[in-house]
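Working through the structure, step by step
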Amino acid sequence: MGYQHIQVPADGTPISINEDKSLNVPDRPIISFVEGDGIGIDITPVMRKVTDAAVNKAYGGAKSIAWMEVYCGEKAAERYEGDWFPAETLDAIKAYVVGIKGPLTTPVGGGFRSLNVALRQEMDLYVCQRPVRWFTGVPSPVKEPQKTNMVIFRENSEDIYAGIEYKADSDDAQKVIRFLTEEMGVTKIRFENHCGIGIKPVSEEGTKRLVRKALQYTIDQDLPSLTLVHKGNIMKFTEGAFCDWGYELAREEFGAELIDGGPWCKLNNPNTGKEIVVKDVIADAMLQQVLLRPDEYSVIATLNLNGDYLSDALAAQVGGIGIAPGANLSDTVALFEATHGTAPKYTGQDKVNPGSLILSAEMMLRHLGWNEAAELIVKGVEGAIGAKTVTYDFERLMDGATLMSCSAFGEEIINHM
Ligand SMILES: NC(=O)C1=CN([C@@H]2O[C@H](COP(=O)(O)OP(=O)(O)OC[C@H]3O[C@@H](n4cnc5c(N)ncnc54)[C@H](OP(=O)(O)O)[C@@H]3O)[C@@H](O)[C@H]2O)C=CC1
Ligand SMILES: O=C(O)CCC(=O)C(=O)O
Ligand SMILES: [Mg+2]
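On a predicted model such as this, the values are computed, not experimentally measured, just so you know.

A separate point is the site of ligand 2. All residues in the neighbourhood of ligand 2 are listed as Thr106, Ser114, Asn116, Arg120, Arg130, Arg154, Tyr161, Asp308 and Thr339. Take asparagine 116: an N or O atom from its side chain is 2.9 Å from an oxygen atom of ligand 2. In the model, an oxygen atom of ligand 2 is placed 3.0 Å from a nitrogen or oxygen of the arginine 154 side chain. Its free accessible area being 290 Å², ligand 2 has 76% of it covered by the protein chains. For the shell around ligand 2, the residue count by class is one nonpolar, four polar and four charged.

And the structure:
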């Protein structure tokens, strides 16, 4: 395939997708990566080095990754005459099936829309999966961080996050406001003048495909519960519908039965026979529940914006967004990325924690079925933290720790594999 700026590694082989949607992973798969803006320049090379070291150690050279750089954000704009989101980047990520990305900048209040959200939408990466677990020794603001062990399934394509919004005073905003007031009988827009408008689409199909993935994951990983997190008491036909459709799916597709007349329900794991409870919690209450009673929650399915808030909040409980990994998934394509952003004040200082992106690569290795290499990454991270050789974010909260740069922390991880 001829690309303008993307160099396809001649010695790699593309991953292909089997009819049942499983992956056909060659011994030297081509994996696309976006370096990312801001601290992307610091963490992405470290992630690649650690990943290569884990793969090499696990398979003694029999397997390796052929990295293929693709461009998005500032680095794309430099190469593609100001185009921040080149079409060939999308084509390549899709064509090569599995990729990993550093964070990308999004201006607040104006400028272009989020490139991160655009990547998810363009490839219909409808699941944002963000595991939250504590690594022994990581400084945490809670007393018992080991009790926090959850996996967030955040709907990644709909909600207010989809970016359908109109600027105050624009013709579009005024048109929507006129439609609402004149044709829909809306009387509750408090200030119609100088009023921005956002739209919150939440569909049955969008909800069910997300909850289906979350419940299947709960079954596959033999976990005790799935919690639907929503603000359905206030936003009844969007967040409330998300909750209703989630329960409906559990009952109709997974055979869940009501507990005490519902709406909570339960099913037996078809693989292990263990009980799985499907429950719901309203989003504001959930933010205090996860702090006070974290061990009562396991898998979480939630809408896009709630999932965004919840993932940073939960990450803080287990040590911060320096070690908060994630994956954006469709039924075929997977694009792994950290939970955090570009942390611009630290750009190029070789300072920040590369852990989030490294643990995103760990998820990627499991996605490829390369579990031995993934285990080595976990071992390396645990070892480096256990030895208290850590980056500034942990060092400032740990007694007796040795401050490591971003790249030196990567080396420590490799030394502990
Ligand atoms: N998926 C993506 O690409 C995302 C992109 N963004 C974008 O990133 C930009 C900056 O957003 P901002 O709100 O500042 O959020 P960030 O997540 O970039 O940073 C917020 C703070 O989190 C801490 N932090 C972040 N990354 C790390 C790390 N690797 N190691 C240690 N600490 C870290 C730092 O805290 P401290 O100051 O305490 O050291 C930092 O100041 C925005 O343009 C935003 O839109 C945001 C989130 C996701
Ligand atoms: O796209 C962005 O700039 C922010 C996205 C974000 O915060 C997230 O996905 O967690
Ligand atoms: Mg976020």
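Attention now moves to the packing of helix α11 (residues 371-386) against helix α13 (residues 406-415). At a minimum axis distance of 7 Å, the contact between α11 and α13 shows a crossing angle of 115°. In terms of orientation, α11 lies roughly perpendicular with respect to α13. As α11 packs across α13, the resulting crossing turns out to be right-handed. In contact with Ile377, Gly380, Val381, Ala384 and Ile385 of α11, α13 contributes Phe409, Glu412 and Ile413. Split by residue class, the contact of α11 with α13 holds six nonpolar, one polar and one charged.

Relative orientation of the contacting elements helix α1 (residues 40-59) and helix α10 (residues 355-368) amounts to 40°, with a least axis distance of 9 Å. By the angle class used here, α1 and α10 are oblique. Considering only the axes of α1 and α10, their crossing is right-handed. Here Ile43, Thr44, Val46, Met47, Val50, Thr51 and Val55 of α1 come into contact with α10, specifically with Leu357, Ile358, Ala361 and Leu365. Here the residues of the contact of α1 with α10 are counted per class, giving nine nonpolar, two polar and no charged.

Thresholds, definitions, all that
Residues numbered from 1 in each chain as written. Chains lettered and ligands numbered in written order. Predicted model: local features only at pLDDT ≥ 70, side-chain atom pairs only at ≥ 80, totals over all residues. Heavy atoms only, no water. Near = heavy atom within 4 Å. Polar contact = N/O pair within 3.5 Å; in protein donor to acceptor, adjacent residues only side chain to side chain. Areas by Shrake-Rupley, 256 points an atom, 1.4 Å probe, with all protein chains shown as cover. Nonpolar A, V, L, I, M, F, W, Y, C, P; charged D, E, K, R; others polar. Axes fitted to C-alpha atoms, helices over the stretch in contact; angles between N-to-C directions. Helix = DSSP H or I, 4+ residues; strand = E, 2+ residues; numbered from the N terminus. Parallel < 35°, antiparallel > 145°, perpendicular 65-115°, else oblique. Left-handed = near helix turned anticlockwise from the far one by under 90°. Contact = heavy atoms within 4.5 Å.

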